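So you can see what is in the structure, the chains are spelled out below.
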Number of protein chains: 2
Amino acid sequence: MSVPVSLLGRAFTLLAVFTADRPCATLSELSRHSGLPLSTTHRLVKDLLAHRALERDADGRFWIGLRLYELGALSPGALDLRERALPYLEDLFEVTRHNVQLAVRDGLEVVYVERLSAVDAVSILTRMGSRMPLHATGVGLVLLAFAPHEVQEEALAAPLKRFTTHTISTPKALRSALATVRRDGYAISDRQIEPITYSVAAPVRNSSGDVVAAVSVVVPVETRTDTVLPAVRACGRAISRAMGWRS
Amino acid sequence: MSVPVSLLGRAFTLLAVFTADRPCATLSELSRHSGLPLSTTHRLVKDLLAHRALERDADGRFWIGLRLYELGALSPGALDLRERALPYLEDLFEVTRHNVQLAVRDGLEVVYVERLSAVDAVSILTRMGSRMPLHATGVGLVLLAFAPHEVQEEALAAPLKRFTTHTISTPKALRSALATVRRDGYAISDRQIEPITYSVAAPVRNSSGDVVAAVSVVVPVETRTDTVLPAVRACGRAISRAMGWRS
DNA sequence: AGGTCCGTTTCCGGTGAGTGGAAGACTGGG
DNA sequence: CCCAGTCTTCCACTCACCGGAAACGGACCT
């Protein structure tokens, strides 16, 4: 295992130890998982603590700090898109009572910038800040279908990870699905991630008409998707208008 | 103006140029506002871009990048508190139809970790990730009233910034208000930030019974606070239970 | 077309911030 | 008490980082 020689590279390697499955870690764990020598890790952690990028709990374990939360909240996805979209996401949540998600594209992945869910909602696989492959999610299909041509070709040439027997797993199937999304103007992801859910997704456009995000509702398979589709599409349009889009 | 000599210090000084009022900046602006020489700024920005901590738009301006959003979403406030609290916040939003906020304490400030609001809600002064002084907000009063004794004394000894003629601005008034909050078990902030709103806030406790967050509703002054108070308090209790609290 | 201005990018010799192995300190369990 | 694991401190050495200066590129003006 090679660690970066640059200090910033090391700092980000260290921060990458934190995941949703490992939201906190001891100094030794940080050293072990990052590959950085213990004393280097110790010094780096001390600096990150000083800058509030990390914080330490009473048991001595380290967590991502509030400063990164604050900075992250200034990113375009959070500050611009989320703040404008939130009222419409809430409306969609209220009329459907199912998980509502807002996501942007980063490379060949979806990054969720918001998720509204109920206590007894059907699926809790995604979370604010989490990632999923484009090909396997409703929002991902929408974002990919309207992405630049070279992004689509890149996704079609990449391995398509399989989650269930329904996951799109050949370039041919994906190409066909993308064409369907572009024709229809929305996507229905059928049991691609979990065998018990559909995801119904619609595009969100900016003032230039580019698709910059996607909104979706995740419903149990017993739900008829056409009962939520109009609401999802209306929500996508409402957010688009809030972003300055004119049809 | 003195800039840090350490690389991490410089990186964070640079990132501090980004605020809600200046969410993006050019290279020259970053250099000017951070005090770092132009070529140092350029090199640092290039590294931060490589690590996705910054991103660049089509006009060449820099923004906080998705990587910081992802990392920030792993912080305890976002990952643990927010995810557990969200369904109850949504319930509170639904029954009150007013701005709902969830906040934690950081030093002598409140940091908002979630805000749900409607298109026509009365106040939009706060935002995910933003800060306010403890003494002047409902959630701040709650967090301070139940904070360790030395934190309370520190707040009482610090300057109390005034926002309106109603803002608590003397240590005597603050001490009295804190006693009231502790006695009542909730806080009502009367026109302290804006002359048109009240904030009604209640504590959120963890499994050890410590107050680790506060939830509030912001309502117009024409609203009788006792119409929303029970719902806010119930919400605080529900989130506390989700955090493992036992009464 | 040429010139000017401003913002951005590149270059490179010099240097001090950062390094990590080793030793020491601390903590908890047997 | 002993042991193992975790954390903290130390310091001679080195190379990643620095920033002034030059080059580059684009927009605007005459």
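These numbers were taken from a predicted model, which means no experiment stands behind them.

**Here's the deal with the protein's contact with DNA strand C**
Piece 1. Among the 16 residues in the neighbourhood of DNA strand C, the closest are listed as Ser39, Thr40 and Arg43 of chain A together with Leu7 and Ser28 of chain B.
Piece 2. Note that a phosphate oxygen of DNA strand C is positioned 2.3 Å from one of the side-chain N or O atoms of Arg43 of chain A.
Piece 3. Between a phosphate oxygen of DNA strand C and a side-chain N or O atom of His42 of chain B, the distance comes to 3.1 Å.
Piece 4. Among the secondary structure elements, those contributing two or more residues to the surface near DNA strand C are α1 (7-15) and α3 (38-50) of chain A together with α2 (27-34) and α3 (38-50) of chain B.

**Some points on helix α6 (residues 138-145) of chain B**
For an α-helix the count is 3.6 residues per turn, leaving residues at separations of three or four pointing the same way.
Piece 1. Burial of α6 of chain B is extensive: eight of the eight residues sit out of reach of the surface.
Piece 2. Within the span of α6 of chain B, buried status applies to Gly138, Val139, Gly140, Leu141, Val142, Leu143, Leu144 and Ala145 of chain B.

**Concerning the relation of the copies chain B and chain A**
Piece 1. At an RMSD of 0.1 Å, chain B and chain A line up after a rotation of 180° and a shift of 0.0 Å along the axis. In short, the pair behaves as if placed about a two-fold rotation axis. The rotation axis passes nearest to the C-alpha of Gly72 of chain B in chain B, at a distance of 2.8 Å.
Piece 2. Counting the interface residues of chain B, we find that 100% of their copies in chain A are interface residues as well, pointing to one common contact surface.

**Focus: the protein's contact with DNA strand D**
Piece 1. Within the structure, DNA strand D sits among 16 residues, and Leu7 and Ser28 of chain A together with Ser39, Thr40 and Arg43 of chain B are positioned closest to it.
Piece 2. Taking all atoms of DNA strand D within 4 Å of the protein, the share assigned to sugar and phosphate is 72%.
Piece 3. Ser39 of chain B is positioned such that a nitrogen or oxygen atom in its side chain is 3.0 Å from a base oxygen of DNA strand D.
Piece 4. Here a phosphate oxygen of DNA strand D and a side-chain polar atom of Arg43 of chain B are 2.4 Å apart.
Piece 5. When contributions to the surface near DNA strand D are tallied by element, the ones reaching two or more residues are α2 (27-34) and α3 of chain A together with α1 (7-15) and α3 of chain B.
Piece 6. Residues belonging to the surface near DNA strand D are distributed by class as follows: six nonpolar, seven polar and three charged.

Criteria and cut-off values
- Residues numbered from 1 in each chain as written.
- Chains lettered and ligands numbered in written order.
- Predicted model: local features only at pLDDT ≥ 70, side-chain atom pairs only at ≥ 80, totals over all residues.
- Heavy atoms only, no water.
- Near = heavy atom within 4 Å.
- Polar contact = N/O pair within 3.5 Å; in protein donor to acceptor, adjacent residues only side chain to side chain.
- Helix = DSSP H or I, 4+ residues; strand = E, 2+ residues; numbered from the N terminus.
- Buried < 20%, exposed > 50% of the residue type's maximum accessible area, 1.4 Å probe, protein only.
- Least-squares fit on C-alpha atoms with pLDDT ≥ 70 in both.
- Contact = heavy atoms within 4.5 Å.
- Nonpolar A, V, L, I, M, F, W, Y, C, P; charged D, E, K, R; others polar.

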